[in-house]
Amino acid sequence: QSDTVVGGKVISSDDKMPLPGVNVMVKGTNNGTITNFDGEYKLTTTQKNVTLVFSFIGYLSKEVSVNGASNIDVTLEPDVEQLEEVVVVGYGVQKKSVVTGAISSVKADEIAKTPVPSVEQALQGRTAGVMVSNDTGQPGAGITVRIRGVGTNGVASPLYIVDGVQVENLSFLNPGDIASMEVLKDAASSAIYGSRGANGVVLVTTKKGKSGKLVLNYDGYVGVQNPSRKVSVLNAREYMTLHNEARYNDGQSPLFTEEQIANNTVDTDWQDEIFNKNAVMTNHQLQLSGGNDISTFSVSTGYFAQDGIVGGGDKSNYNRFTFRINSEHKFTDRITLGQNLSFTKTNSQGIEEQNEFGSILYAATIHDPITPVYVTDQAEIDRLDQISPNPVKDPSGRFYGISQQGLREIVNPMAALQNTFNENMSRQLVGNFYGSIKLMDGLTFRSDYGYNIGNSSYRGFTPVAYFNVVNRVNNNSTWTGSSQYYNWQLENVLTYERTLGDHNFTLMAGTTHINEYREWINGSRTNLNLSGWDYAWLDNGANDETQKSNGAVGESRLMSYFGRLNYNYREKYLLTATIRMDGSSRFGPDNQFGYFPSVSAGWVLSEEDFLKQSELISFMKLRASWGQIGNEKIGNFAYLSLAGATISYPLGVSGSPVTGFGILNAANPALKWEASEQTNIGLEIGLLQDKLTMTAEYYNKVTKGLLSEEPIPSYVGLNNPTSNLGTVANSGVELNVTYRTIERDFNYSISGNVAYNQNEITELNNQNGYINSGAYYGHSGNSRMEIGYPLPFFYGYKTNGIFQSQEEVASYVGPEGQVIQPDAKAGDIRFVDTNNDGKIDDNDRTNIGSAVPTWTYGLTLGADYKNFDLSVFFQGQAGNKIANLSRRQDLTYQNYNARALDRWTGEGNDFPRMTHADPNKNYTRLNDMVHLEDGSFVRVKNIQLGYTLPNTIAEKAGLSRARLYMSVQNLYTWTKYSGFDPEIGGGGLEYGVDKGAYPQSQVILFGTNLTF
Amino acid sequence: CTDFLDLDPKTAQTEENFFQDRKDAFAALMGIYEPLRSDFGQSYHPYAMVSDIMSDDVYPGGGGSADMLTWQNVARFKAQPQEDTPLAMWKKGYRGVGRANQLLAKFDQIQFKTSEQEDAENFKGEALFLRGHYYFELARFYGNIPLSLEPLAADNWQGVELTSADEVYAQIAADMLAAIPMMRDSRFGDTQLGRLTKWAAMSEMVKVFQYYTGYYNKTELPVAGGGSFTLTDAIEMAESVVNESGHTLLEDYATLFTAEGDFSSEVIFEIPFTSSGSGEWNDTKLGNIQCQMSGPRGHNGNMLLQGWGFGIPTHSLYAEFEAGDERLTASIITGEQLLNDTPNLEASYTNTGYFTFKYTTHINRQAESNPDLNWPQNYHYIRLADVMLMAAELNLKAGNTAAAVDQVNMVRSRAGLADVSSVDLDGIYHERRVELALEGHRYWDLLRRGVDYAKSQIDVTNYEMRAPSIAGKPATGDVGSPSDFEVNFDAAKKGLFPIPQSERDLNPNLKQNDGY
């Protein structure tokens, strides 16, 4: 018995191109291989008369008898049915050509091109109308996803569904596990999810196994991260000079003498100090998949670790371990059983950010540069040694420098970093078990039980410390907490497919029950017996009254019925109608149920005779849709008036705290569903055999009864109620264009998307037609939502240049000749007297810009030549403002952003003069000159250069495919913004406010994809 | 199968099944008391200090001109409507009012057992009185204010307008007069100390009369629902407290500000603090933040511990004490004394070399954990000496000079001073100023003699800096520049706070006070 070697090449019948990755199996055995990059295969068998089975997704399988031949070339015919791109829709899949809603799709290969830590980021810039911004650059930080603008000042994030299971966010997913992501943008597509779809729906499908040979993939990369940008601030000399100038302008003597300025040797760059150079980021993933005609499976495990660019790996980091197993089994011809399961464990540590008091990044930009990082003067060391509690030292025992400039909470950023101890952990199990049964031809019943179980916990520690005169911690303390949740859902769906001549029907009906349950417990204590992060546990100390705990439970439920009809005539005229009825425990008995209908229609013009023969137009579809969807993302029991515990009152000689009770929250019994009504018109065109494809959409989305916290006056004496507040209209246009050419050795593609969105509040049901955010610390001004304006906008003072002279101040007069700004001096801002009453006060505040971008766009350039591939990805937005609140006006001797160098010093400059007294309130009145900056940016998000090893080399290493790549992320950002990073997310009204957010890092990665 | 959607809250009761029995009523009553000690609801705002910094007794102090900027502005009569201080006092008062209205509105549905009838009577009386008390605080700070006797909720606040101060005071009088007969007439037992008796209500009623008739220049106080409360009524009530309440002056004035002073026989309206709160930087700490704020900066001695150096006594207050007045050393401690005790002391902003010795960081009151937040020193809002001096002033006004002299002398003799044979209004003001120094009364005393009088006392111009009493130790004298100490009472504002901007943003019916 001798081995026979069979080889050959597999090509496609339509373009005669080689097909890589084709499964070649010896029929009836487990012996098999897959074709290499050139479509070639080689197989050893022990018998001469065997049959080879060639199978490949999108092509019809082919069986060929060997009959002793050693070379068998095969041509595979495309499977017209399968080749059609398929998209996942709610409760099913549909051929893309017959979809009538606005759905964008991102596939695994696109995700693989830009290695990102989290799944949401894989959507960034990929599809029109989906805005993704990292809240901050802190590892593991939240991500803001907005589909077609902001429709509410409440929770505006979309509904996420992973393999059918509803989840809060996608942070538990390993991007490498994703097969595809679909974004349902219009109401017609998302209405099948009814109550939860108002902010759009993101459907995620994870990778499944395929029958055939076992495939083992390894994907991994390692990279280094550095800050992508620094904030330009004053150096020591500039700092001293400008503060002297301010004092001079305020009629005071200089603070720093000429000698001090000339002889100063300390010029600390705090940002350089806190940034962690070359912070490491690594990812490893192994995936094994395969199966046979009965069972298929995919198993993967992944490990991702990222150190933060601030403070080093022990202060800011994120680690994620993931494990997944998906399988599906044909139990009988009629019954299919399957399951998806993923386990994720994350650990992270972080530093405080976005805070005027505690943010280390904020401190690094406004801490004076004339304080040294470490104290070296022996007399000063001796003095500090006498202070109790002891000032903060670095691990080698050096005292950190303490500013003499009265900076209060803005302490030495290195000392603050040194004393930052916290840890967050989470463990999450998400999955489902499903079965489907073919009841009769075309009729399928599917039942699916999904679960999302997990817990998260945190722990923190504050050591005893002296930072400065007003900032000291006399007692150490620790706090810890954990929450467990158990969410389940049960879905039963009946689907009936039928073709009657040219009429194709699919009818679907189903029910969903969802139960969400969470309980939590927190504890804290002060005065630990043993000090230090390792000992920061609640039991470390006497069992005294400083040891506290609290906890509670929350539960909510949802019950739904839904149905859908899909109809098409010859795949030319298309119609879809859906209805869903949802009941939620979050609303009172009278308002529990909401009804969410939709209807959509399409016309595939390219199927019409007049276009069928067109050389130019290969595909063309016009579609329109209308629908209503809901939102119920609010707290539980907001409709009820509840009596809860007040803060205690101490009674008796022993001062025992006695808990009081009272109605604490204003209830709203009339609370009901928020409903979003959306109309969408779309056009899809494919030209020149689909080399050029284009999708254009127009939408008009009106969110009515938006659910939100309604501010009520403090004289009511209750916390704010949740209300159906008003109506927000978002309308816009989206365009996706892709051009790709396929040559023999050189292929390239250009793919761009751009979206324009206009957002406006059209109705507010409260007294005065607007709602304010809280005032920004130290500023007169805030964010606001108001009828006729975008949601939200900045409500502050409009400026009209700088007074260039005292005469200009005197000649700026009101209607009755009164000087409008009597306190102003030359060099101060000329505020616009918007109400024309001859003075500048709170009533002159107005819309000075919105944080919501009107334009978002992305552009991907791809090319491959022989074994090299290159992709460049740009992403950007325009039309939004950022409120750069990087000054603490109450701290006189803070450092300033380098914009201060352009201050007014005589006629000409267009930034206000230096002054501490600031009688004109240049800095405390939120205005469009000092605070608001253009938030537009274009970013080279990713560049990736890959090289696929020639087969001859790969095979020697036992690989069927090997690719190496290098990738650079956030290489460069074009922006006028003077803060750390124009990419700032955030929720609710306080959107686009920079109070010291962690910037995105610039990443250089080296990675590999290996297939065995 | 909509049962699936029926869920009940597990950690809160609904309004329907609350307010059932004595236990619920008592819990609701504690909810009404709670804001009395709320000095940290909106940054640090201890009630007594907020008014004292506006008077001629106290400078704001702190770490620098920007330390507690909101309150530095208040002290210079430049409060901004959007700042914390106006909002803090507003929120605190209305939280109390709202909870009192809740209990009062539901009171009749609560089932008290026969044996609980006395409790029921007391609870209702205390709720009524506290509503009056909170409205009195609000009316003094803001003038015309929203007045509601029913609970406000999400759907009925919109039409609310400012009620004139005359009507507000009439309602305060009605609430207090109705409360007095319902409240307990003797001291509560040890476990309930801190609850208020009718003597507290009567004392404050006299205070309300004095303030209203003084500030608004009226002869009597109208009572909502008819009638009025006259000078004669006020005298009768004050003397009833002095003679019949069982409250007595402590033998030694200094004892008032020690642990023995808490719940002592002299204190009529006591606001308790304790060291066993949450230890968190908000109102759930139950200690007296005024103590922490008042403590001298950078000083850890054998009498006082370090604090934040707010609330610096003025030279004018120090000079007000007569020679031999025992109250001086119990009220004020000098930088020199502190340095003699321990050689460390940092100057405050607006340092004068004086520090309060009343509500401060007394070392023997230091808590074991989180001492910053846990000073367990009660605030004596009204004590018997105050009522005696109010009685004297009312008697003087009514022409009962002899009674006035007697009452002043009762207070003086306890302070180790010789009797006076006659007294005039200035004399009583002098006595009040030194007797009640740094206890939160002076500003209101000034205002109730008229805005012009207040201005004449509060304004500081051409300030002359005093050298430190120990050379080379700046903390024993004035620090800064004269402008830091100069004050210009803005008469246009009539001594009132601005209505908070956030309230006016929500309800434009609330007309802003004059001068803002």
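Please refer to the structure placed before this passage.
So, a few notes on the structure that sits alongside this text. Predicted model only: the values in this text are computed from it and were never measured.

### Structural notes on the nonpolar core
Side chains that are nonpolar tend, in soluble globular proteins, to be buried together. All names here are of chain B. Membership of the largest hydrophobic core comes to 170 residues, with the highest contact counts inside it found for L103 and Y169. With 13 residues, helix α5 (residues 117-142) is the largest single contributor of residues to this core. Residues in contact with Y169, not counting those within four places in the same chain, are F136, A139, R140, V208, Y211, Y212, Y216, L221 and P222.

### Quick word on the sheet that holds strand β4 (residues 40-45) of chain A
Residues and elements named next belong to chain A. The strand order across the open sheet built from three strands is β4-β1-β7, with neighbouring strands paired in mixed fashion. The strands lining the two open edges of the sheet, one partner per strand, are β4 and β7 (74-76). Across the sheet, the mean angle separating the axes of adjacent strands is 30° when strand polarity is ignored. Pairing geometry for strand β1 (residues 4-12) and β7, over three bridges, is parallel.

### Some points on the interface of chain A and chain B
Listed as interface residues are 71 residues of chain A and, on the opposing side, 78 residues of chain B. Of the roughly 6200 Å² buried at the junction of chain A and chain B (both faces included), carbon and sulfur atoms supply 60%. On the chain A side of the contact with chain B, I647, Y649 and Y715 of chain A bury the most area, a combined 14% of that side's loss. Among the elements of the structure, β27 (503-526), β28 (548-569), β29 (573-584), β32 (642-645), β33 (649-651), β34 (656-658), β35 (661-663) and β42 (770-772) of chain A are those that each provide at least two residues to the side of chain A that touches chain B. Element by element, the count of residues in the side of chain A that touches chain B is highest for β28 of chain A, at nine residues. When the residues that make up the side of chain A that touches chain B are grouped by side-chain class, the tally is 34 nonpolar, 26 polar and 11 charged. Sheet analysis places β32 of chain A next to strand β1 (residues 13-14) of chain B, joined by two bridges and oriented antiparallel. When the bridges of β1 of chain B are listed, A643 of chain A appears paired with Q13 of chain B.

### Quick notes on the sheet that holds strand β14 (residues 165-167) of chain A
Strands belonging to one sheet form pairs held by backbone hydrogen bonds; the direction of such a pair is parallel or antiparallel. Residue and element names in this part refer to chain A. Strand order in the open sheet made by the five strands is β10-β15-β16-β13-β14, with mixed pairing throughout. Strand pairing shows two members of the sheet lacking a second neighbour, β10 (103-107) and β14, which therefore form its edges. For this sheet, the mean inter-axis angle between neighbouring strands, taken without regard to orientation, is 25°. Sheet topology note: the strand β13 (residues 159-162)/strand β16 (residues 201-206) ladder contains four bridges and is parallel. Along β16, the bridge assignment pairs Y160 with V202.

### Quick word on a nonpolar patch on the surface
There is a patch of nonpolar side chains on the surface, built from Y573, W603, F610, L622, I681, Y698 and V733 of chain A and spanning about 660 Å² of accessible area. Checked against the element boundaries, Y573 of chain A lands in strand β29.

### With respect to the pattern of salt bridges
Residues and elements named next belong to chain B. With the rule as written, the count across this model stands at 76 salt bridges over all chains. Ionic pairing is found between D56 and R433, a salt bridge with its closest N-O pair at 3.4 Å. Residue D56 is located in the loop between α2 (47-52) and β2 (58-61), and its partner R433 is located in helix α15 (residues 425-435); the two are separated by 377 residues in the primary sequence. The two residues D56 and R433 agree in class, both being buried.

Rules used throughout
- Residues numbered from 1 in each chain as written.
- Chains lettered and ligands numbered in written order.
- Predicted model: local features only at pLDDT ≥ 70, side-chain atom pairs only at ≥ 80, totals over all residues.
- Heavy atoms only, no water.
- Core = buried A, V, L, I, M, F, W, Y, C linked by side-chain atoms within 4.5 Å.
- Buried < 20%, exposed > 50% of the residue type's maximum accessible area, 1.4 Å probe, protein only.
- Helix = DSSP H or I, 4+ residues; strand = E, 2+ residues; numbered from the N terminus.
- Contact = heavy atoms within 4.5 Å.
- Pairing = 2+ DSSP bridges.
- Axes fitted to C-alpha atoms, helices over the stretch in contact; angles between N-to-C directions.
- Buried area = accessible area lost by both parts, 1.4 Å probe.
- Nonpolar A, V, L, I, M, F, W, Y, C, P; charged D, E, K, R; others polar.
- Patch = residues over 30% accessible without salt bridge, like charges linked within 9 Å, V, L, I, M, F, W, Y side chains within 5 Å.
- Areas by Shrake-Rupley, 256 points an atom, 1.4 Å probe, with all protein chains shown as cover.
- Salt bridge = Lys/Arg side-chain N within 4 Å of Asp/Glu carboxyl O.

These results come straight from atomic positions and should not be treated as a statement about function.
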